[in-house]
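Per-entry structural report
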Amino acid sequence: LAETKLDLIDIGASFDQSLIEDAKALVNQALAHDPGSSEAYRIMAKAKVMSGEFELAGPLLQKALDLSPSNSAALIGLAQLRVMEGDKSAARQFMQRALRIDPYGATLLMKLGHLHWADGRPDMARDAFERGALVHPQNPIFPMLLGMLQALEFGELAGGLHNFLLAAELDPRDFEIAAYVAMSYLTLGMPEDARPWIDRAIKLGPLAATSLALESNWLAQSGDPSAAANLSVSVLGDERFIYRGHKLLWEPHYV
């Protein structure tokens, strides 16, 4: 239950940051029942990362691994922390250990692809994402990631749009997927095709800065750059809006 609450925020299904503290309380309840639970320590580490307490996450993940050396999710968490610290070599070692334990895990293949991408190896990232899509055909994250990679690294906008639309069909409630469909149409100079996807992104993710960035770019492409700039400035100055740090597809000169 704790991890589900965290994942609601992580995937953009909720913007309620109080869920993080709820998750911590639930993990503490779990540890009171079973102080030797590897998963409880791993999930607490995840909560610490999401609340910005990065320095506390590493020891918790190591504790999870000490309790269960085959906890591949703990290894993935340690790999992510090493990436954040700039130690990609250590991150790769943790990922390789996790791969030996769980070569078909969806999360592992997703994080492995991200690591290859951050390491400047887009072809290897594509291999990881394609493997994930093959093994987990109902998981919308893999076509979304393939679409991002195609659009951002290989200039394959049409192929990227195809994968974004596939992801949207698998999960019509994800605002980020809707946003990437809209971004693709905007980048291709097709603002009218982007409009319904912008509306969907705003409806599903009303407090996501990405959704309003889409609206701003649509205004710019539709001939109202003043309104686009005003909207962008208002979002930047409003602490309610959450920016998730995703790369955008369009050219910045629109606004």
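Placed above this text is the structure.
Residues numbered from 1 in each chain as written. Predicted model: local features only at pLDDT ≥ 70, side-chain atom pairs only at ≥ 80, totals over all residues. Heavy atoms only, no water.

1. Thoughts on the side chain of Asn217
Its place among the elements puts Asn217 in helix H13 (residues 209-221). Within polar-contact distance, the side chain of Asn217 engages the backbone oxygen of Ala213 at 2.9 Å. (Helix = DSSP H or I, 4+ residues; strand = E, 2+ residues; numbered from the N terminus. Polar contact = N/O pair within 3.5 Å; in protein donor to acceptor, adjacent residues only side chain to side chain.)

2. Re helix H6 (residues 88-101)
Here H6 is 14 residues long and its end C-alpha atoms lie 20 Å apart, about the 20 Å a rise of 1.5 Å per residue gives. Those residues of H6 not exposed but buried are Ala90, Ala91, Phe94, Met95, Ala98 and Leu99. (Expected span 1.5 Å × (residues − 1). Buried < 20%, exposed > 50% of the residue type's maximum accessible area, 1.4 Å probe, protein only.)

3. Some words on the nonpolar core
In terms of nonpolar packing, the biggest core is built from 37 residues, with Phe129, Met144, Met148, Val181, Trp197, Ile198 and Leu214 touching the most fellow members. Those elements that provide at least two residues to this core are helix H7 (106-118), helix H8 (122-135), helix H9 (141-153), helix H10 (157-170), helix H11 (175-187), helix H12 (191-204), H13 and helix H14 (225-236). Broken down by element, the residue count for this core peaks at 9 residues, all from H11. Phe129 has contacts with Leu109, Met110, Gly113, His114, Trp117, Phe142, Leu145, Leu146 and Leu149, leaving out every residue within four places of it along the chain. (Core = buried A, V, L, I, M, F, W, Y, C linked by side-chain atoms within 4.5 Å. Contact = heavy atoms within 4.5 Å.)

4. Considering the pattern of salt bridges
Under the criterion given, the structure shown has 13 salt bridges. Ionic pairing is found between Arg42 and Glu39, a salt bridge with its closest N-O pair at 2.8 Å. Of the two residues, Arg42 and Glu39 are both situated in helix H3 (residues 38-50); the distance of 3 residues between them amounts to about one turn of the helix. Residue classification places Arg42 among the buried positions, given a relative accessible area of 9%. Of the charged contacts, one joins Glu156 and Arg126 as a salt bridge, the two residues approaching to 3.1 Å between their closest N and O atoms. Pair noted here: Glu156 is in the loop between H9 and H10 and Arg126 is in helix H8, with a separation of 30 residues, a long-range link. (Salt bridge = Lys/Arg side-chain N within 4 Å of Asp/Glu carboxyl O.)

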